[in-house]
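# Notes for the structure review
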Amino acid sequence: MRATEAVGRYGESVAAAYLQAQGYAVVARNWRCDHGEVDLVAHDGSTTVICEVKTRRSRTHGTPQEAVTAVKVERLRRLAWCWMEYARTHGLTPRDLNPNLPPPNPMTPVLRLDVVAVWLPGRGPAHAEHVKAVGS
Amino acid sequence: MTLFATQALALQGIRGHVVQVQADVANGLPAFTLVGLPDASLSESRDRVRAAVNNSGMSWPSSRVTVNLTPASLPKQGSGFDLSIAAAVLGCQAVVPPDGLRGTVLFGELGLDGRLRPSRGVLPAVYAAWQAGASRVVVPWANRAEAAAVGQVLRTDAPGGGNGGGGCEVVAISSLAHLVQLATGASLAQVEQASQADDALRQAQNPLPEPASGSGRSSQTSASAPDLADVVGQPQARWALEIAAAGGHHLLMVGPPGAGKTMLAARLPGLLPPLDPTQALEVASLASLAGILPSEGELPLTPPYQQPHHTATTAALVGGGSTVIKPGAISMAHRGVLFLDEAPEFRTAALQALREPLESGEVSVARATGTVSFPARFLLVLAANPCPCGYGYGRGERCTCAPHRKRAYFSKLSGPLIDRMDLRLLVHPVTQVSLRRAVAEESSAVVRERVAQARQRSSFRLREHPWAVNAEIPGSQLRHCWPASSSAVHLLEDQVRRGSLTLRGADRVLRVAWTLADLAGLARPGTDEVASALALRGSELLTGAG
């Protein structure tokens, strides 16, 4: 159990580094509330990204993306609203942290659910696959 | 590329429609959606195809896959779409090049191992693909004989094809990997060779034959049809069979048990001329749909013979099924003989269902999934006992039936059905005398020769008309275009005036008279032929319409 936990932790750091490299601002890691835990919360411009990280060391159990079932997406959606409430009351919204954002645009979503799949092969660098907007 | 399309075939009865299979691979969590009115076995295709792709050494996209079968409103059944779905998804991943499957129609069910399994209905599918103008059809290796048989017909009988009869290549492959080879430019010979080797390998691993869907019944084509020479005596019945075969007249035989009615009826297909290529294709297509087409050899040319049991339901006779509508016994007897032994024992509904196909030559079966029409132009032979106990013939001394039971027995047959029987015949039991005589009886081949000559005469006479045999000519046309001799007409008019013959009955008598004239090589029927036809109508036999 400890080994898989460690793998998960490492995968989350890989995912966070990946998102930062994409220009996202990582706001929280392993944020907990009554409904569960969010792996990563990041800001993509004015959009809040609730991110589930799935890490795999081999392909024997299918792809990481496949492990995100409809039930998990539903749980992620519930968590997202908890975070939004928390962010509003604690001054953690994108506009709070970055007052220079452009005015709100109806075409940019306020909230997005993403999955980052992290591969940790036995040798060679870790590699991340990013699936955007899984909840829609 | 995230969008790719291939072609498949949806079978509706004997007709096939080309269906475009579009695959779209989009960003998102892994999912596989199949839309376009699939039935249960087609919906399961999603899991088969994914496993088949993975086990063929290729990878399934780890994203959202949507497959659409257009036209989306046409209900689609069966597992024959697997190959086209797999190819469309592989096309999205650029495993199959964009032009690799142009003009190619794919048909076949995939196993989880990526091998193609034999399917039902390959023959009509290939034919439909050719009609739609496909330049290449890919079928499972196990169905190659069936597909090759239709290929033969297409070469000999070219008109009407979508691409002007210019060849439709039929390719048999044994697995999904071979399809990819074919699409990426491997030659036909290479792929066929690889498929053959693969199939040999499979047989070496598992010598049992592959279970094909719907092949519960074995093929009904026996080594040789029964011969008329086996029948002792019965000169009148033999003559009636010959007339039925020559003119396409429906036949009713009434006789006591053991008189040889079943034996006589079984010999009727052997008297009919062999099927021409188009007819053979129709017959084989129906057999393919029912899953009883022999897997080896050429198209069977002998007319089919169907003898449903008298407990048969209406659906068994005319065709039915909840999702996949299968042809019934009357369609399986298309271009051949449908023999109903113990006809009065059949359910009334089943017998009444025969009336429409007897007139139109096809039957339409309506189900929730759609309406399908099957061809059903058959020669009907009914056999019945003279009464429930079976001995009410001659003076009826052995008969133990009460009069009302006799009447009830035949009332099932009377009316419109009986009226469509041109030849009604009493079959007497064979007497000892004719048994002892031991004369060599005429064989089927001799009679078939006379039938062929008579059919030649009638088809020459009908060369500018759509009808093939005398029994199909409408009454008005018959009287107008081909009048009988005046003395013969007088004979008929006399009968009509006396009330023993209706006008429609007179038309039917005339048709039989024409067949008699054809058999005798006469230019037109005279008094003798009309008198014989009247006798063969046997109106005194039953209380039915005269």
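Each remark here, short or long, concerns the structure printed above.
The rules we used
Residues numbered from 1 in each chain as written. Chains lettered and ligands numbered in written order. Predicted model: local features only at pLDDT ≥ 70, side-chain atom pairs only at ≥ 80, totals over all residues. Helix = DSSP H or I, 4+ residues; strand = E, 2+ residues; numbered from the N terminus. Buried ≥ 20, exposed ≤ 12 C-beta atoms within 10 Å, placed from the backbone. Pairing = 2+ DSSP bridges. Axes fitted to C-alpha atoms, helices over the stretch in contact; angles between N-to-C directions. Parallel < 35°, antiparallel > 145°, perpendicular 65-115°, else oblique. Left-handed = near helix turned anticlockwise from the far one by under 90°. Contact = placed C-beta atoms within 7 Å. Nonpolar A, V, L, I, M, F, W, Y, C, P; charged D, E, K, R; others polar.

Once that is clear, we can look at the overall build of chain B. The secondary structure content of chain B amounts to 22 helices and 18 strands. Seen along its three principal axes, the alpha-carbon backbone of chain B occupies a region of about 85 × 50 × 45 Å. Across the 546 residues in chain B, those meeting the buried criterion constitute 46%.

With that settled, the discussion passes to the sheet that holds strand E17 (residues 379-384) of chain B. One open sheet accounts for five strands, arranged E11-E14-E17-E10-E18 (chain B); its pairing is parallel. Strands at the two margins of the open sheet, each flanked by one partner only, are strand E11 (305-306) and strand E18 (423-426) of chain B.

Another point: the packing of helix H20 (residues 486-498) of chain B against helix H21 (residues 503-520) of chain B. All names here are of chain B. Two elements in contact, H20 and H21, have axes whose closest approach is 10 Å; the angle formed by their N-to-C orientations is 150°. By the criterion of interaxial angle, the relationship of H20 to H21 is roughly antiparallel. The way H20 lies across H21 gives a crossing that is right-handed. Contacts between H20 and H21 pair Ala-488, Leu-492 and Val-496 from the former with Leu-503, Ala-506, Val-509 and Ala-513 from the latter. When its residues are assigned to classes, the contact of H20 with H21 shows seven nonpolar, no polar and no charged.

This next bit is on the sheet that holds strand E2 (residues 36-44) of chain A. Residues and elements named next belong to chain A. Taking strand neighbours across the sheet as the criterion, the five strands line up as E1-E2-E3-E4-E5 in an open arrangement whose pairing is mixed. Edge strands, defined here as strands with exactly one partner in the open sheet, are strand E1 (25-33) and strand E5 (127-131). Between one strand and the next, the sheet's axes are offset by a mean angle of 30°, whatever the strand orientation. Note that E1 and E2 share seven bridges and pair antiparallel. Paired with Val-26 across the strands is Ala-42, a residue of E2. Its contacts with the sheet put helix H1 (residues 2-21) on E1, E2, strand E3 (47-56), strand E4 (111-119) and E5, and the angle it makes with E3 is roughly 140°.

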